[in-house]
Amino acid sequence: MTDALTDNILVLVRHGESEWNKLNLFTGWRNPDLTEKGVIEARVAGRMIRDHRVKFDIAFTSALKRAQRTLDIILSELHQPDVPIIRNPALNERDYGALSGLNKDEARKKWGESQVQLWRRSYDIAPPDGESLKDTLARVRPYYDEAIWPQITAGKNVIIVAHGNSLRSLVMILENLSKDEILERELATGAPILYRLGADGKAIDRKDLLPARSLAAPPEDRIV
Ligand SMILES: O=C(O)[C@H](O)COP(=O)(O)O
């Protein structure tokens, strides 16, 4: 059990497994629910955060139920049901446009592995009628600056439960990553990242609270 953290804390969590993650479908702005495994991942995430004894002052999530339910479950595990929750589509997953609902393996067969990988993990190449990571950052950053940053610099402990790519946008901001560096970063479902923030609101260290599962998540990093 670690001592209660006294610094300004920001926790990011990608939602638990969704029904479409399980079916290997491009999801984006579509709105499937969590699977039973996703519910368990959310419960485990809550217990991992509870071990760090963080008392949250405010929570942010997207307009999509897989993230909203994950947050509700985490706050329930923390016995903090009264934390104010702000739900905003600015934190939605990147829009996969015409790929939404398609099976990722079928897409690879149709368009080729490299084209699908470009759509999924390049910085500025968007899927047809969808968003690139750059487009996602272009809506996440203003929202972070206007809605979340003031809470952080006011010394509030904040939790954000959102999606793989909207959170990768936030990781770019928090860790000051380049568009090339972010391409190496993946966020597993239900894996909390705990940032300790300095007085200026900048990240001074990061803890990945769940051991890396299928992703090569780096160990605790000191961010300078
Ligand atoms: O929206 C989706 O399909 C997933 O949540 C994220 O998919 P990706 O890992 O292919 O970006």
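Everything here concerns the structure above.
Keep in mind that this is a model prediction, so the values were computed, not measured.

As for the overall build of the protein
Then, in step 1: Scanning the protein for helices and strands turns up seven helices and seven strands.
Then, in step 2: Moving toward the C terminus, one meets the helices and strands of the protein in the order β-α-α-β-α-β-α-α-α-β-α-β-β-β.
Then, in step 3: For 224 residues, the compact-globule estimate of 2.2 N^0.38 gives 17 Å, and the C-alpha radius of gyration of the protein, at 17 Å, lies within 12% of that figure.
Then, in step 4: The 224 residues of the protein split such that 54% are buried.

Notes on the packing of aromatic side chains
Then, in step 1: Within this structure, the stated rule accounts for four aromatic pairs.
Then, in step 2: Ring centres of phenylalanine 60 and tyrosine 143 lie 6.2 Å apart, and the angle between their planes is 80°; this geometry places the pair in the edge-to-face category. Here tyrosine 143 lies in helix H6 (residues 133–153) and phenylalanine 60 lies in strand S2 (residues 58–61), a separation of 83 residues in the sequence. Here the two residues phenylalanine 60 and tyrosine 143 agree in accessibility, since each one is buried.
Then, in step 3: Seen in terms of ring centroids, tryptophan 111 and tryptophan 119 are 5.2 Å apart; in terms of plane orientation they differ by 80°. Their pairing is edge-to-face.

Considering the site of the ligand
Then, in step 1: Within the structure, the ligand sits among Arg14, Asn21, Leu25, Phe26, Thr27, Gly28, Glu93, Tyr96, Lys104, Arg120, Arg121 and Asn165.
Then, in step 2: At a separation of 2.8 Å, an oxygen atom of the ligand approaches a polar backbone atom of threonine 27.
Then, in step 3: One of the side-chain N or O atoms of arginine 120 is found 2.5 Å from an oxygen atom in the ligand.
Then, in step 4: Protein contact buries 96% of the 310 Å² of open area that the ligand shows by itself.

Quick notes on the pattern of salt bridges
Then, in step 1: A complete count under the given rule lists 13 salt bridges for this structure.
Then, in step 2: A salt bridge links aspartate 33 to arginine 69; the shortest N-O distance between them is 3.0 Å. Of this pair, aspartate 33 sits in the loop between helix H1 (19–22) and helix H2 (36–50) while arginine 69 sits in helix H3 (residues 65–77), placing them 36 residues apart in sequence.
Then, in step 3: According to the relative accessible area criterion, arginine 69 is partly exposed, its value standing at 34%.
Then, in step 4: The salt bridge partner of arginine 185 is glutamate 175, with a shortest N-O separation of 2.8 Å.

Calculation notes
Residues numbered from 1 in each chain as written. Predicted model: local features only at pLDDT ≥ 70, side-chain atom pairs only at ≥ 80, totals over all residues. Heavy atoms only, no water. Helix = DSSP H or I, 4+ residues; strand = E, 2+ residues; numbered from the N terminus. Rg over C-alpha atoms; globule rule 2.2 N^0.38 Å. Buried < 20%, exposed > 50% of the residue type's maximum accessible area, 1.4 Å probe, protein only. Phe/Tyr/Trp six-rings, centres within 6.5 Å; stacked < 30°, edge-to-face > 60°. Near = heavy atom within 4 Å. Polar contact = N/O pair within 3.5 Å; in protein donor to acceptor, adjacent residues only side chain to side chain. Areas by Shrake-Rupley, 256 points an atom, 1.4 Å probe, with all protein chains shown as cover. Salt bridge = Lys/Arg side-chain N within 4 Å of Asp/Glu carboxyl O.

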